[in-house]
Amino acid sequence: MAFAMRVKVPPNSATLEEARHRTFDFFRAACRSIPAIMDIYNLYDIVTPSQLRSTIAAQIRKNAHITNPKVIDMLLFKGMEELSNITEHAKQRHHIIGQYVVGNKGLVQDVANKDENISNFLKNFYKTNYF
């Protein structure tokens, strides 16, 4: 291989407090990149910047129970990689919408009045088959 791109990996956190500070730094960096992401993927008609910020915070809070600094560093590395992929436009618009806007619950407008005349079996079937 003639050209190899080198990624500088930060050293592991020595303590839980250092990993906590790195998490806050990552959250700040992710929030600062939200306007660029909104412009790149043209998300203004679908989601607001504050909703994206809340989604990022929810993803971080999902792993709040982890106390091992090495695991936190690994998750931060994965988060930084994901953020760089998004800001470098390595994903398409529907990927961003599916992962961070729609999420696991489906679109809010899709659940409105269409389920009124459906049997309980179909309601449960549709509810469990959303990604």
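The structure under discussion appears in the preceding block.
Residues numbered from 1 in each chain as written. Predicted model: local features only at pLDDT ≥ 70, side-chain atom pairs only at ≥ 80, totals over all residues. Heavy atoms only, no water.

1. Examining the overall build of the protein chain
- Secondary structure summary: the protein chain contains six helices and zero strands in total.
- Listed N to C, the secondary structure of the protein chain is α-α-α-α-α-α in terms of helices and strands.
- Within the protein chain, the fraction of its 131 residues that count as buried is 21%.
- Summed over its atoms, the accessible surface of the protein chain is roughly 10100 Å², and 58% of this surface lies on carbon and sulfur atoms. (Helix = DSSP H or I, 4+ residues; strand = E, 2+ residues; numbered from the N terminus. Buried < 20%, exposed > 50% of the residue type's maximum accessible area, 1.4 Å probe, protein only. Areas by Shrake-Rupley, 256 points an atom, 1.4 Å probe, with all protein chains shown as cover.)

2. What about the side chain of T23?
- Position of T23 relative to the elements: it lies in helix α1 (residues 16-32).
- Once residues within four sequence positions are removed from consideration, T23 is found in contact with I60, I72 and L76. (Contact = heavy atoms within 4.5 Å.)

3. Some points on the packing of helix α2 (residues 34-41) against helix α4 (residues 69-87)
- Interhelical geometry of α2 versus α4 gives an angle of 45° and a closest axis separation of 10 Å. Classified by the interaxial angle, the pair formed by α2 and α4 is oblique. Of the residues in α4, those touching α2 at I37, I40 and Y41 are L83, N85, I86 and T87. (Axes fitted to C-alpha atoms, helices over the stretch in contact; angles between N-to-C directions. Parallel < 35°, antiparallel > 145°, perpendicular 65-115°, else oblique.)

4. A look at the packing of α1 against α4
- Packing of α1 against α4 leaves a shortest axis separation of 10 Å and a crossing angle of 15°. Between α1 and α4, the angle is such that the two are roughly parallel. Note on packing geometry: the crossing formed by α1 with α4 is left-handed. From α1, L16, A19, R22, T23, F26, A29 and A30 reach across to α4, where they touch P69, I72, D73, L76, G79, M80 and L83.
- Looking at the contact of α1 with α4 residue by residue, the classes come out as ten nonpolar, two polar and two charged. (Left-handed = near helix turned anticlockwise from the far one by under 90°. Nonpolar A, V, L, I, M, F, W, Y, C, P; charged D, E, K, R; others polar.)

5. Some remarks on the nonpolar core
- Ranked by internal contacts, the top residues of the largest apolar core, which has 17 residues, are I37, M38, Y41, L43 and L52.
- Secondary-structure elements contributing two or more residues to this core are α1, α2, α4 and α5 (93-102).
- Those residues in contact with Y41, other than ones at most four positions away along the chain, are N85, I86, H89, A90, K91, Q92, R93 and I96. (Core = buried A, V, L, I, M, F, W, Y, C linked by side-chain atoms within 4.5 Å.)

6. Details of unusual backbone geometry
- With a phi close to 50°, N42 is a non-glycine residue in the positive phi region.
- Secondary-structure assignment places N42 in the loop between α2 and α3 (49-61).
- Phi is positive for H89, close to 60°, though the residue is something other than glycine.
- Looking at where H89 falls in the secondary structure, it is placed in the loop between α4 and α5.
- Overall, the relative accessible area of 43% leaves H89 in the partly exposed class.

All we've got here are geometric facts, nothing functional implied.
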